[in-house]
There are 2 protein chains.
Amino acid sequence: MFILTSPDPKQLLNSFVEVVIAGGHKSVKQIKASGLKLRFCTNETQATRENFVKKLQGMGFDISVAEVTAPAPAACCILKERSLRPHLLVHNDLVPEFAEIDKANPNCVVIGDAAENFTYANLNEAFRVLIGMEKPVLISLGRGRYYKETDGLKLDVGAYMKALEYACDVQAEVVGKPAKTFFESALAEMGVSPQQAIMIGDDIVNDVGGAQRCGMRALQVRTGKYRPCDENHPHVKPDAYVNNLAEAVDMILQQL
Amino acid sequence: MFILTSPDPKQLLNSFVEVVIAGGHKSVKQIKASGLKLRFCTNETQATRENFVKKLQGMGFDISVAEVTAPAPAACCILKERSLRPHLLVHNDLVPEFAEIDKANPNCVVIGDAAENFTYANLNEAFRVLIGMEKPVLISLGRGRYYKETDGLKLDVGAYMKALEYACDVQAEVVGKPAKTFFESALAEMGVSPQQAIMIGDDIVNDVGGAQRCGMRALQVRTGKYRPCDENHPHVKPDAYVNNLAEAVDMILQQL
């Protein structure tokens, strides 16, 4: 049996105290000590994996870049495979992930959670690149609707993706959770089958729904993004609920 | 018989020379001289009717504010009827149209083509107002995808409407062309039935489709937004094509 954990990075970074109290970093150590494989699947698109990992390490997590599956590197694989040269509408801090990709004379648009880069001018520019193509190709690093930051709720990449989809009459190819291919690439990197893995996450649709569609079992933690109404979700039902990551790890280790 | 013309204002203002060559202002005089009623139905949401009319008058058009049907005043009627207090995400120049509307403690969002006001901060603010409501109410002054300005293509209000719709899981109420209620209000203001009116416009979907759904006959002019592929449109077929407004008016006056 192998374990795949999938905490939401924004929630994780914004709720440092909660995670530490819940013993997240101790749970990670426990999992590694048990010999189980671990992978962090994140939709983080506001930082490179390097910086994401540094932040988590600063919080006491034992984690390395090689253990992180994130949308930008997944998108880079697609770009290389299909000889696509992207026009980037992403966060400044994410740009280094695309360092090795040819961006001259773009033939697609890659959109991430660009935050302050979602200006009127930048959105019009991305739109013009798309509408100028015979068959516009739009790759979106996630389809999140919104998220919470210390200064309030913010529109996520999914909202801007919908704006461009509508304007250009195209459908975006979504990289990142809950895309099946995203979970599959994480499993491939670990070298395990879906039946051998368990996903632990707080998002009923993006984490639990995505993992289950891929054939994995999925636990929902009652922390972070979790809301009591998730337990009545019309389409998605986790294999089990746990109060926090520590409880999930205890449960799994007991069954070994 | 009465005539309802519906030139696209952005196209009109951007293609001054074309319109003047096509004799638009002479055609308007001809119609008025014949005793027919005339109404300009526009989706203009970057200026008050007063300023819109001033621009057209400056181009030689004989037109008054009372002859213009536009989304903002139509939205104001809805706001008053339903005691809605809007948070406005509109162009600065449109704000005076809402001068008499109570905007304290907003219980809906009105979105127009805000252009430079479509900033990251303003979009997040409109989103927060919506998501804070038990049942979000979003009123959109049009559903255009994009338009052309001298410095290139720009995303129109419809794209930003879609972003907010997706983020809040709501459907916007669209005021303006091609909404049936918009054409109906123009007819009501003229005091005529749809069968007594003819629409002349350049946009196959917003002008021709909207007018026909309302029961009017509709002529498409082969100027402005018109594209040859419009003549193979899968759903909308105008009652006739004309090369320009002057030809439409000649045709109508001959049949009187």
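Residues numbered from 1 in each chain as written. Chains lettered and ligands numbered in written order. Predicted model: local features only at pLDDT ≥ 70, side-chain atom pairs only at ≥ 80, totals over all residues. Heavy atoms only, no water.

Asker: Account for the overall build of chain A, with residues named and values stated.
Answerer: Helix and strand counts for chain A come out as 10 helices and 12 strands. Taken over the C-alpha trace, chain A has a radius of gyration of 18 Å; the compact-globule value for 256 residues is 18 Å, and the two agree within 12%. Judged by the C-alpha coordinates and their principal axes, chain A covers about 55 × 35 × 35 Å. Every one of the 256 residues in chain A was classed for burial, and the buried ones make up 55%. (Helix = DSSP H or I, 4+ residues; strand = E, 2+ residues; numbered from the N terminus. Rg over C-alpha atoms; globule rule 2.2 N^0.38 Å. Buried < 20%, exposed > 50% of the residue type's maximum accessible area, 1.4 Å probe, protein only.)

Asker: Explain the interface of chain A and chain B to me, using residue names and the numbers behind them.
Answerer: Accessible area lost upon the coming together of the parts serves often as the stated size of an interface. Tallying the contact residues gives 29 residues for chain A and 29 residues for chain B. Here chain A and chain B share an interface that buries about 2600 Å² over both sides, 64% of which is from carbon and sulfur atoms. Contact with chain B buries area across many residues of chain A, yet Tyr-120, Leu-155 and Tyr-166 of chain A alone supply 32% of it, more than any other trio. At the junction of chain A and chain B, the tally comes to 10 residue pairs in polar contact (both at pLDDT 80 or more). For the side of chain A that touches chain B, the element with the highest residue contribution is helix H7 (residues 157-168) of chain A, accounting for 9 residues. When grouped by side-chain class, the residues that make up the side of chain A that touches chain B number 17 nonpolar, 4 polar and 8 charged. (Contact = heavy atoms within 4.5 Å. Buried area = accessible area lost by both parts, 1.4 Å probe. Polar contact = N/O pair within 3.5 Å; in protein donor to acceptor, adjacent residues only side chain to side chain. Nonpolar A, V, L, I, M, F, W, Y, C, P; charged D, E, K, R; others polar.)

Asker: A description of the sheet that holds strand S6 (residues 138-141) of chain A should follow, citing residues and the corresponding values.
Answerer: Residue and element names in this part refer to chain A. Within the open sheet, the 4 strands sit side by side as S4-S5-S6-S9. Their pairing is parallel. Each edge of the open sheet carries a strand with a single partner, namely strand S4 (86-89) and strand S9 (173-175). The sheet shows a mean angle of 25 degrees between the axes of neighbouring strands, direction not considered. Pairing between strand S5 (residues 108-111) and S6: 3 bridges, direction parallel. In the sheet register, Ile-111 faces S6, and the bridge partner there is Ser-140. Sheet strands touched by helix H5 (residues 71-81): S4, S5, S6 and S9. Its angle to S6, the strand with the most contacts, is close to 155 degrees. Against the sheet, helix H6 (residues 120-131) contacts S4, S5 and S6, and its axis sits at roughly 160 degrees relative to S4. (Pairing = 2+ DSSP bridges. Axes fitted to C-alpha atoms, helices over the stretch in contact; angles between N-to-C directions.)

Asker: Tell me about the side chain of Thr-48 of chain B, and please be specific about residues and values.
Answerer: Locating Thr-48 of chain B in the fold gives a position in the loop between strand S2 (40-41) and helix H4 (49-58). Here Thr-48 of chain B falls in the buried class, since its relative accessible area comes to 6%.

Asker: I'd like to hear about the confidence of the model for chain A, residue by residue, with values.
Answerer: Residues and elements named next belong to chain A. Confidence along chain A averages 87 in pLDDT terms, with 91% of residues attaining 70 or more. For the stretch residues 1-22, pLDDT sits under 50, and the model shows 78 contacts to residues farther than four places along the chain or on other chains. Note on the complex model: pTM 0.82, ipTM 0.81. (pLDDT = per-residue confidence, 0-100.)

Asker: Please provide a residue-by-residue account of the packing of H6 of chain A against H7 of chain A, values included.
Answerer: Residues and elements named next belong to chain A. Contact geometry for H6 and H7: axes closest at 10 Å, N-to-C directions at 40 degrees. What the angle tells us is that H6 and H7 run oblique. Every pair of crossing elements has a handedness; the one defined by H6 and H7 is right-handed. For the pair H6 and H7, contact is made by Leu-123, Ala-126, Phe-127, Leu-130 and Ile-131 and by Tyr-160, Leu-164, Ala-167 and Cys-168, respectively. When grouped by side-chain class, the residues that make up the contact of H6 with H7 number 9 nonpolar, no polar and no charged. (Parallel < 35°, antiparallel > 145°, perpendicular 65-115°, else oblique. Left-handed = near helix turned anticlockwise from the far one by under 90°.)

Asker: An account of the pattern of salt bridges is requested, with residue identities and associated values reported.
Answerer: All names here are of chain A. Counted by the stated rule, this structure contains 24 salt bridges over all chains. Where Lys-225 meets Asp-203, a salt bridge forms, and the shortest distance between an N and an O atom there is 3.2 Å. Pair noted here: Lys-225 is in the loop between strand S11 (217-221) and strand S12 (240-242) and Asp-203 is in the loop between strand S10 (197-201) and helix H9 (204-213), with a separation of 22 residues, a long-range link. On the basis of relative accessibility, which here comes to 10%, the residue Asp-203 falls in the buried class. (Salt bridge = Lys/Arg side-chain N within 4 Å of Asp/Glu carboxyl O.)

Asker: Explain the sheet that holds strand S9 (residues 173-175) of chain B to me, using residue names and the numbers behind them.
Answerer: Residues and elements named next belong to chain B. As summarised here, the arrangement of the 4 strands in space is S4-S5-S6-S9, forming an open sheet in which the pairing is parallel. With partners counted over all chains shown, the strands left at the sheet margins are strand S4 (86-89) and S9, one partner each. Each adjacent strand pair in this sheet contributes to an overall mean axis angle of 25 degrees, direction not counted. The pairing of S4 with strand S5 (residues 108-111) spans 4 bridges and is classified as parallel. The residue bridging His-87 from the neighbouring strand is Val-109, located in S5. Contacting S4, S5 and strand S6 (138-141), helix H6 (residues 120-131) crosses the sheet at an angle of about 160 degrees to S4. Packing against the sheet, helix H7 (residues 157-168) makes contact with S5, S6 and S9, and its axis sits at approximately 170 degrees to S6.

Asker: Quick one: what's the story with the packing of aromatic side chains, residue by residue and with numbers?
Answerer: This structure, assessed with the given rule, holds 8 aromatic pairs over all chains. Where Tyr-146 of chain A meets Phe-127 of chain B, the ring centres are 5.1 Å apart and the plane angle is 50 degrees; that geometry is what we call tilted. One end of the pair, Tyr-146 of chain A, is in strand S7 (residues 146-149); the other, Phe-127 of chain B, is in helix H6, on a second chain. Judged by its relative accessible area of 0%, Phe-127 of chain B is buried. When the centroid spacing of 6.5 Å and the interplanar angle of 80 degrees are considered together, the rings of Phe-182 of chain B and Phe-183 of chain B count as edge-to-face. Grouping residues by exposure puts Phe-182 of chain B and Phe-183 of chain B together as buried. Each residue in the set Phe-118 and Tyr-160 of chain A together with Tyr-120 of chain B is aromatic and connected to the rest through ring pairs, giving one cluster. (Phe/Tyr/Trp six-rings, centres within 6.5 Å; stacked < 30°, edge-to-face > 60°.)

Asker: Requested: an account of the relation of the copies chain A and chain B, with residues and values cited.
Answerer: Each copy of the sequence occupies a distinct position, and chain A is placed on chain B by a rotation of 180 degrees and an axial shift of 0.1 Å, giving an RMSD of 0.1 Å. On this basis, the relationship between the two copies can be described by a two-fold rotation axis. Mapped onto chain B, 100% of the interface residues of chain A are again interface residues, and the two copies thus contact each other with one and the same surface. (Least-squares fit on C-alpha atoms with pLDDT ≥ 70 in both.)

Asker: Which residues make up H6 of chain A, and what values go with them?
Answerer: Over its 12 residues, H6 of chain A extends 16 Å from the first C-alpha to the last, a length consistent with the 16 Å expected when each residue adds 1.5 Å. Turning to H6 of chain A, its buried residues are Tyr-120, Leu-123, Asn-124, Ala-126, Phe-127, Val-129 and Leu-130 of chain A. (Expected span 1.5 Å × (residues − 1).)

Asker: Which residues make up the environment of Cys-214 of chain A, and what values do they have?
Answerer: Residues and elements named next belong to chain A. Within the element layout of this structure, Cys-214 appears in the loop between H9 and S11. We classify Cys-214 as buried; its relative accessible area is 7%. Between the C-alpha atom of Cys-214 and that of Phe-182, which follows or precedes it by 32 residues, the distance is 9.4 Å. Excluding its chain neighbours within four sequence positions, the residues that come into contact with Cys-214 are Lys-180, Phe-183, Glu-184, Leu-187 and Pro-194.

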